[in-house]
Protein chains: 2
Amino acid sequence: MSTKTTTSATTTTTTSDYHHQPDVSQFMMGPRPAETKDYIMQQTMLRVKDPLQSLQFYCDILGFTLVMYSEFPQWGFNVYFVAPVPSDVEIPQGDTEQDKAQRWQYCMNLPGCIELTYNYGTAQEEGQVYNTGNADTTGTTNGEKVRGGFGHIGITVPDVYQACERFQSLGVEFHKSPNSGGMKGLAFIKDPDGYLVEVLPQGPMITKPIDCAGVEAAAAGEGYQDNSK
Amino acid sequence: MSTKTTTSATTTTTTSDYHHQPDVSQFMMGPRPAETKDYIMQQTMLRVKDPLQSLQFYCDILGFTLVMYSEFPQWGFNVYFVAPVPSDVEIPQGDTEQDKAQRWQYCMNLPGCIELTYNYGTAQEEGQVYNTGNADTTGTTNGEKVRGGFGHIGITVPDVYQACERFQSLGVEFHKSPNSGGMKGLAFIKDPDGYLVEVLPQGPMITKPIDCAGVEAAAAGEGYQDNSK
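Residues numbered from 1 in each chain as written. Chains lettered and ligands numbered in written order. Predicted model: local features only at pLDDT ≥ 70, side-chain atom pairs only at ≥ 80, totals over all residues. Heavy atoms only, no water.

Caption draft 1: Representation of the sheet that holds strand β8 (residues 196–201) of chain A within the structure. The strand order β6(A)-β7(A)-β8(A)-β5(A)-β1(B)-β4(B)-β3(B)-β2(B) describes an open sheet built from eight strands, whose pairing is mixed. Because the sheet does not close on itself, it has two edges, and the strands there are β6 (174–176) of chain A together with β2 (65–72) of chain B. Here the average twist between neighbouring strands, direction ignored, is 25°. Where strand β7 (residues 187–190) of chain A lies against β8 of chain A, four bridges are found, and the strand directions are antiparallel. Within β8 of chain A, the residue paired with I189 of chain A across the bridge is V197 of chain A. In the packing of helix α2 (residues 51–61) of chain B onto the sheet, the strands contacted are β1 (40–47), β2, β3 (77–83) and β4 (113–119) of chain B, and the crossing angle to β3 of chain B comes to about 5°. (Pairing = 2+ DSSP bridges. Helix = DSSP H or I, 4+ residues; strand = E, 2+ residues; numbered from the N terminus. Axes fitted to C-alpha atoms, helices over the stretch in contact; angles between N-to-C directions. Contact = heavy atoms within 4.5 Å.)

Caption draft 2: Fine view of the pattern of salt bridges. Using the criterion set out here, one finds 16 salt bridges over all chains in the structure. The partner of D60 of chain A in a salt bridge is R32 of chain B, and the shortest N-O contact between them spans 3.8 Å. Residue D60 of chain A is located in helix α2 (residues 51–61), and its partner R32 of chain B is located in the loop between α1 (25–28) and β1; the two belong to separate chains. For D60 of chain A, a relative accessible area of 32% puts it in the partly exposed group. E173 of chain B serves as the salt-bridge partner of K190 of chain B, at 3.8 Å between the closest nitrogen and oxygen. Of this pair, K190 of chain B sits in strand β7 (residues 187–190) while E173 of chain B is found in the loop between α4 (160–169) and β6 (174–176), placing the two residues 17 residues apart along the sequence. (Salt bridge = Lys/Arg side-chain N within 4 Å of Asp/Glu carboxyl O. Buried < 20%, exposed > 50% of the residue type's maximum accessible area, 1.4 Å probe, protein only.)

Caption draft 3: Broad picture of helix α4 (residues 160–169) of chain A. Residue and element names in this part refer to chain A. Along α4, the residues that are buried comprise V160, Y161, A163, C164, R166 and F167. At its buried positions, α4 is contacted by α2, β5 (150–157), β6, β7 and β8. Between the side-chain oxygen at the start of α4 and the backbone nitrogen of Y161 there is a gap of 3.0 Å, and the oxygen is on D159. In the segment just after α4, G171 is the residue with positive phi, at about 80°. (Polar contact = N/O pair within 3.5 Å; in protein donor to acceptor, adjacent residues only side chain to side chain.)

Below is the structure:
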């Protein structure tokens, strides 16, 4: 029995020139379908080579909390849900059925969790294990760059420059410090698997004269480049 | 001038056997670093072939709202931020600087947005354009499956079976209906680019006798398989 349908969910669009902005106002205004009103964008799942390395990064450096985890030895994997959690929230820590149910429910109602999936054995492999999506050659046998779909995750912070000073002091690897490149005031760091994490301001986009890498705001730099390929 | 550091952010872990659950209690309990207390997990960026097709899926089918978009013709791309937004929230629609600033600030403080990136020209390409992360051959020239890092995004809903009935009626493609496979009560659907979207319950994991594809809860099925490769 097949559970797949062959019908496409969307109708064909005949816009001939996507170089110009299509009219998207219908998606900004007006009510959404009533059936969807309580839907939550709860998770982004990323596979990680080594769960402890990843938890150190997400929890000790980005300040996320491990909300819930589950181990499935029968299937050879564990999952770890991490997200920023306000300090006044108390997630039950015990192993009673009630504690587990409360953790599940809290997690499933928390928008923006990262589900870190650990497939047993990858921690013992050499080097980077998973393709990170940005013209990455990892995960191929011929060393070819793959045109990736996933680009990055992104956090917002009160002060990008201050956050990046701290990341720098903790030895985090930067892909782009706030003043490098053509887009000033935002940064990209890397998690232990090489996934990009954008760092953006919660308020207006501002620049400061010098960033954590010593790059001046006035430094020349190129703008965006499609880095999928 | 390089903005990269070569220092790793994390210390080497000497756990020799990750087949067993490592002790992760330190990441669940206790305070996180004070500097990170206001951090928000704001976005997941996915490249899309055709922005209108994607907006129809995320807004008309999943019920997300287009919170903010920006076009960058000088760099050949547009971005569209979508997320579930409560119906009583009014996002300013105008083009004054104040409206734009308010949209930016609302978006940057909203956890769990999806940033859909459209690189000009892909809408005119044939077939699937981007590698979706799950042992996908797309984006390679030799047809080889890539060991992907990104797995899926996931939404939570009040009733998985009801949500899937509606998705089915709208012609959404299923990767796994709620009762198929070994994990009962959750589903995977596909967005227009083939990215997997998991559908999970906000309350306890329950099963119903028959799902939208006619599969019985009692049907046999395999459990989890590492689908990165």
